[in-house]
Amino acid sequence: MVYYPIKDVSMTVADTYESMRARLSAIVPDAELRYKAEIADEVLRLKEERNAVILAHNYMEPALFVSVPDYRGDSLDLSRRAATTDRDVIVFCGVRFMAETAKILSPHKTVLLPAEKAGCSLAASITAKDVIDLKKRFPGVPVVSYVNTYADVKAESDICCTSGNAAAVVESLAADTVIFLPDEYLARNTARETGKHVIFPTTLPPEKADTELDYQLIGWPGRCEVHEQFTVEDVENARRQFPDVIVLAHPECPPDVIDVVDFSGGTNAMINYVRDHPAGRYLLLTECSMGDNIASENPDKEMVRICSIRCPHMNEITLEDTRDALRYNRYVIEVPEDIRSRAYRAVKRMIEINASG
Ligand code: 13P
Ligand code: SF4
């Protein structure tokens, strides 16, 4: 998804600054904008030199988000871009599992992640061995893995999903039972959307035999450290203060929160909702930078600024790191071929499902 025209490389630093100022004057202090414009200008020059494409997740900091990416979007959108680029280098301004997914889809490209770690609490919550053990316990049951997992977990899965297509992926399997990993809340929210009953075998009493259990979705107790923090009280407080506010939440939030909001969807779906909806005031229950990015695109709409929850992993990626990634060719993402080829099947199968949030 491209929100703004991509900057013409013939533009000067002053032009870059002006184009950033037009978007961000109400959001980023001027001195910072001037400094960031110089770095953005260098990133754009290096990008051409290295025949690179820059993909940026919707959670990137505003100065990066508006200035250097070729494509901006959610996990699903950026996976599709990574699969079809003709550039030599993919710079992934997002977290490690996203850059790994780009490598899985484009093994012959150089994929760079601008920060060495940039992890994710969901991806860290499950290992390939955990999946193998679940498959032994529930033989023949297909495994859906959220794209927020590492390559070895994807390699043990039948198909991946993102927040934008989780229900469509589960329904596409036409199976009575599905293993759905690793986000507990996305599993609970998807179970409700698809009318399925979910269990979490890791938290069940050991004496309960698997045959006695009533389930259609088998989940895992992983959580997003950002979205698990939002509460029903946050929504109530916001509505008390701003009775006309429209509240949007990511499906990684707890189900009781999803119950009381006006709309739930992946990051692209929330962006589109604000763009297309006539109301004047919104609260987003998701990573805070996205509120700034939406505000910069919708100056006539108010984003209620009670958000104080940042994703520490997404926040590791800055314009400076993006410049250094191109300058020093770092940090190169590698996925061993035996894992990559198996993970590829699961990611490709997801991409082929024609659904998005
Ligand atoms: P989206 O796929 O909705 O962009 O979400 C990715 C993510 O990490 C949310 O926390
Ligand atoms: Fe992972 Fe949550 Fe950060 Fe998204 S916001 S990258 S799910 S920790």
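Residues numbered from 1 in each chain as written. Chains lettered and ligands numbered in written order. Predicted model: local features only at pLDDT ≥ 70, side-chain atom pairs only at ≥ 80, totals over all residues. Heavy atoms only, no water.

A. Local environment of the environment of Asp 276. Relative to the assigned elements, Asp 276 resides in helix 12 (residues 267-276). Using a relative accessible area of 54% as the deciding quantity, one classes Asp 276 as exposed. Note: C-alpha distance between Asp 276 and Asn 51 (225 residues apart in sequence) is 35 Å. (Helix = DSSP H or I, 4+ residues; strand = E, 2+ residues; numbered from the N terminus. Buried < 20%, exposed > 50% of the residue type's maximum accessible area, 1.4 Å probe, protein only.)

B. Fine view of the sheet that holds strand 8 (residues 198-199). Here five strands make up an open sheet; going across it, the order is 6-5-7-9-8 and the pairing parallel. Every other strand in the sheet has two partners, leaving strand 6 (159-161) and strand 8 as the edge strands with one partner each. Alignment of strand 5 (residues 143-146) against strand 6, held across three bridges, turns out to be parallel. Bridging across to strand 6, Ser 145 finds its partner in Cys 160. (Pairing = 2+ DSSP bridges.)

C. Inspection of unusual backbone geometry at higher detail. Put simply, Leu 181 and Pro 182 share a cis peptide bond, and its omega is -15°. Cis geometry marks the peptide bond from Arg 330 to Tyr 331; its omega dihedral reads -5°. Looking at where Tyr 331 falls in the secondary structure, it is placed in the loop between helix 14 (319-328) and helix 15 (337-352). In this model, Asn 51 sits at a positive phi of 50°, which is unusual for a non-glycine residue. Along the chain, Asn 51 turns up in the loop between helix 2 (30-49) and strand 1 (52-57). One non-glycine residue, Ala 118, adopts positive backbone phi at about 35°. Relative to the helices and strands, Ala 118 is located in the loop between strand 4 (110-112) and helix 6 (128-137).

D. Spotlight on the packing of aromatic side chains. With the rule as written, the count across this model stands at one aromatic pair. The side chain of Arg 72 reaches across the aromatic face of Phe 65, ending 5.7 Å from its centre. (Phe/Tyr/Trp six-rings, centres within 6.5 Å; stacked < 30°, edge-to-face > 60°. Lys NZ or Arg CZ within 6 Å of the ring centre and 35° of its normal.)

E. Structural view of the site of ligand 2. Taken together, Tyr 59, Val 95, Cys 120, Ser 121, Leu 122, Asn 148, Cys 224, Val 226, Glu 252, Cys 311, His 313 and Met 314 are the residues near ligand 2. Along the lines of polarity and charge, the residues of the shell around ligand 2 split into eight nonpolar, three polar and one charged. (Near = heavy atom within 4 Å. Nonpolar A, V, L, I, M, F, W, Y, C, P; charged D, E, K, R; others polar.)

F. Geometry of the site of ligand 1. Taken together, the neighbourhood of ligand 1 is formed by His 57, Tyr 59, Asp 74, Ser 75, Asn 148, Ser 163, His 227, His 250, Glu 252, Gly 266 and Thr 267. Within the side chain of Ser 163, a nitrogen or oxygen atom sits 2.7 Å from an oxygen atom of ligand 1. At 2.9 Å, a side-chain N or O of His 250 approaches an oxygen atom of ligand 1. Here ligand 1 loses 96% of its free accessible area of 300 Å² to cover by the protein chains. (Polar contact = N/O pair within 3.5 Å; in protein donor to acceptor, adjacent residues only side chain to side chain. Areas by Shrake-Rupley, 256 points an atom, 1.4 Å probe, with all protein chains shown as cover.)

G. Expanded view of the packing of helix 2 against helix 14. Interhelical geometry of helix 2 versus helix 14 gives an angle of 25° and a closest axis separation of 9 Å. Compared by their axis directions, helix 2 and helix 14 come out roughly parallel. Two packed elements cross with a definite hand, and for helix 2 against helix 14 that hand is left-handed. Between helix 2 and helix 14, the residues in contact are Tyr 35, Lys 36, Ile 39, Ala 40, Glu 42, Val 43, Leu 46 and Lys 47 and Leu 319, Glu 320, Thr 322, Arg 323, Leu 326 and Arg 327, respectively. Looking at the contact of helix 2 with helix 14 residue by residue, the class counts come to seven nonpolar, one polar and six charged. (Axes fitted to C-alpha atoms, helices over the stretch in contact; angles between N-to-C directions. Parallel < 35°, antiparallel > 145°, perpendicular 65-115°, else oblique. Left-handed = near helix turned anticlockwise from the far one by under 90°. Contact = heavy atoms within 4.5 Å.)

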